Structures are given as C-alpha cells and as structure tokens.
Amino acid sequence: QVQLVVSGGGLVQAGESLRLSCAAPGITATINDMGWYRQAPGKQREFVAHISSGGTTNYVDSVKGRFTISRDNAKNTVYLQMGNLKPVDTAVYYCYIVRGGMNYWGGGTRVTVSS
C-alpha cells in the first residue's frame, strides 16, 4: 500500500509564498513521474505541475514563472514552491506519483490566498 504524506498548505495573503511537500515513505522501487493537481471550490480538478524521473518539468500556463516543482529522489519527495500567490490559486492541492505503471494520490492540502 502506497501512502503519500502531504504538508505545507495554509492561509496566506496575495503575493506571499508557500511550499508544499509530498512524501512517499517506504517506497523502494523507482518512482517515475510526480506532480500536483488542484481543485478550486466549485471547479474540476486541474493539472498544475509535473516532473519526470529525469527532472523534466511542465506547468499549467497560469502558474508558469510563479511555481516551481522539484523532487528529492533520496527522500521520495516532490515539492511545489509557490510564489506570488493570487486569490485564484485558492484550492485544495493534491500530489501524485507514478510507480510501476500505477498512479497514487495523496490527500489534499488546502491553500487559501486572501486579497
């Protein structure tokens, strides 16, 4: 059973920063892709950022230049550094990993950005 531990959400003001973390402890096999989605109130879940095992990243256009995804393979952890946060970034953020052809999701962490 793969369990992802997510942390780092909270309430911030517009323009501030937050860093989200998502760890997959106890996994010994190689983790392929890692990434983040988010779901704003009343909206569908949307892709935010992705990082491959080789470090290639991609982002949804709305966060490019403000968010940075990174990973620490030794810790089986993916991070999302969020800068210059805006009220439209308010959402529950979910991480995922891909391992052995299977997708695993972490529980969400809420990010609230006040204006």
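For the structure, see preceding data.
Residues numbered from 1 in each chain as written. Predicted model: local features only at pLDDT ≥ 70, side-chain atom pairs only at ≥ 80, totals over all residues. Heavy atoms only, no water.

### A closer look at the environment of Val78
Part 1: By the element assignment, Val78 lies in strand β8 (residues 77–82).
Part 2: The sequence separation of Val78 and Gly42 amounts to 36 residues, and the corresponding C-alpha distance is 27 Å.
Part 3: Excluding residues within four positions of it along the chain, Val78 makes contact with Leu20, Ser21, Cys22, Met34, Trp36, Ile51, Ile69, Ser70 and Arg71. (Helix = DSSP H or I, 4+ residues; strand = E, 2+ residues; numbered from the N terminus. Contact = heavy atoms within 4.5 Å.)

### Thoughts on the sheet that holds strand β1 (residues 5–7)
Part 1: An order of β1-β3-β8-β7 is seen for the 4 strands of this open sheet, with the pairing classed as antiparallel. The open sheet has two edge strands, β1 and β7 (67–72), and neither has a second partner. Along the sheet, successive strands turn relative to each other by an average axial angle of 15°, direction set aside.
Part 2: In the sheet, strand β3 (residues 18–23) pairs with β8 via 6 bridges, with the strands oriented antiparallel. Looking at β8, one finds that Ser21 is bridged to Tyr79. (Pairing = 2+ DSSP bridges. Axes fitted to C-alpha atoms, helices over the stretch in contact; angles between N-to-C directions.)

Limitation: the analysis is restricted to geometry and does not speak to function.
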